[in-house]
Amino acid sequence: LFDVIFDAGIYYFPYVIPLINSWKTHQYAQDRFDLRFICLKRDRAEVVKSFLRKFELQNNNPLQNHGNPDLATEWDLCFPKYSGCSLEEAIGHFYDDYYRAVESIEKEYKDIFKLFDVEHLNSEEGVGKILNFVGYEDPKIITQIRKRQH
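Structure report, in brief. (Residues numbered from 1 in each chain as written. Predicted model: local features only at pLDDT ≥ 70, side-chain atom pairs only at ≥ 80, totals over all residues. Heavy atoms only, no water.)

## Describing the packing of aromatic side chains
Throughout the structure, instances matching the rule amount to 12 aromatic pairs. Where Phe37 meets Phe113, the ring centres are 6.4 Å apart and the plane angle is 35 degrees; that geometry is what we call tilted. On the criterion of sequence distance, the pair formed by Phe37 in strand 1 (residues 37–41) and Phe113 in strand 2 (residues 113–117) is long-range, its members being 76 residues apart. Judged by relative accessible area, which is 2%, Phe113 ranks as buried. Consider the rings of Tyr98 and Tyr99, whose centres lie 5.0 Å apart with planes at 85 degrees: the pair is edge-to-face. A relative accessible area of 15% places Tyr98 in the buried class. Among the aromatic residues, those joined into a ring-pair cluster are Phe13, Phe51, Phe55, Phe79, Phe94, Tyr95, Tyr98 and Tyr99. Above the plane of the ring of Phe133 lies Arg36, whose end atom (NZ or CZ) is 5.7 Å from the centre. Taking the ring centre of Tyr99 as reference, the NZ or CZ of Lys41 above it sits at 5.1 Å. (Phe/Tyr/Trp six-rings, centres within 6.5 Å; stacked < 30°, edge-to-face > 60°. Helix = DSSP H or I, 4+ residues; strand = E, 2+ residues; numbered from the N terminus. Buried < 20%, exposed > 50% of the residue type's maximum accessible area, 1.4 Å probe, protein only. Lys NZ or Arg CZ within 6 Å of the ring centre and 35° of its normal.)

## Notes on a nonpolar patch on the surface
On the surface, a cluster of nonpolar side chains totalling about 530 Å² of accessible area is made up of Val4, Phe6, Ile38, Leu40, Leu121 and Tyr136. Along the chain, Val4 turns up in the segment before helix 1 (16–25). Under the relative-accessibility criterion, Val4 is labelled partly exposed at 47%. (Patch = residues over 30% accessible without salt bridge, like charges linked within 9 Å, V, L, I, M, F, W, Y side chains within 5 Å. Areas by Shrake-Rupley, 256 points an atom, 1.4 Å probe, with all protein chains shown as cover. Salt bridge = Lys/Arg side-chain N within 4 Å of Asp/Glu carboxyl O.)

## Considerations on the pattern of salt bridges
A full pass over the atoms with the stated rule returns six salt bridges. For Arg42, the salt bridge is made with Glu46, and the minimal N-O distance between the two is 3.6 Å. A residue is classified by how much of its surface remains accessible, and Arg42, at 25% relative accessible area, is partly exposed. Exposure remark for Glu46: the relative accessible area of 43% places this residue in the partly exposed category.

## Section: the environment of Phe13
Assignment of secondary structure puts Phe13 in the segment before helix 1. Sequence separation between Phe13 and Cys39 is 26 residues; the distance between their C-alpha atoms is 9.4 Å. Apart from residues no more than four positions distant in its own chain, Phe13 is found in contact with Tyr98, Ala101, Val102, Ile105 and Phe113. (Contact = heavy atoms within 4.5 Å.)

## Topic: the nonpolar core
Nonpolar side chains in soluble globular proteins tend to be buried together. By size, the foremost hydrophobic cluster in this structure holds 27 residues, and its most contacted members are Leu63, Val102 and Phe113. Only helix 1, strand 1, helix 3 (44–58), helix 4 (87–108) and strand 2 provide two or more residues apiece to this core. The greatest single-element share of this core, amounting to eight residues, is contributed by helix 4. Here Phe113 is in contact with Phe13, Val16, Phe37, Cys39, Val102, Ile105, Glu106 and Phe133, once residues within four sequence places are set aside. (Core = buried A, V, L, I, M, F, W, Y, C linked by side-chain atoms within 4.5 Å.)

## Examining unusual backbone geometry
Non-glycine residue Asp138 carries a positive phi angle of around 50 degrees. Tracing the backbone through its elements, the reader meets Asp138 in the segment after helix 5 (124–133). Residue classification places Asp138 among the exposed residues on the basis of a relative accessible area of 76%.

## Here we look at the side chain of Gln64
By the element assignment, Gln64 lies in the loop between helix 3 and helix 4. For Gln64, the side chain forms a polar contact with the side chain of Asn61, separated by 2.7 Å. For Gln64, the side chain forms a polar contact with the main-chain oxygen of Cys85, separated by 2.6 Å. Not counting chain neighbours up to four residues away, the residues in contact with Gln64 comprise Lys81, Tyr82, Cys85, Ser86, Leu87 and Ala90. (Polar contact = N/O pair within 3.5 Å; in protein donor to acceptor, adjacent residues only side chain to side chain.)

In structure tokens form, the structure reads like this:
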């Protein structure tokens, strides 16, 4: 149906290892599909600021227990909980834990999983490195297109 399938979302992260293990244990899948994961790393302070704004707009904080189950949403199940700290500190802890896990996965599965700084998206060379990792050779690259500013 499609030559390439791409999707992005932090909520996919718990499935990376099971998908890799499933792909590696099924020769049928390996013969037909090339599996690659890229992860983009953004500046910690920018992420904290962005999450603070996001949680305020959503009127929800999935990183800390609410104490009131009526306030919980499906997003609460997607995030670990951090208690005994401010929301800003909880977001920082989440960032640190997330990228510690990312680096561990990259180390173990370097042929399938790679971490790139988000700034790679702002240059032809950077985009080229990402596209080469996922299997594109000599792609036509257009940069400096920004859809969002957060």
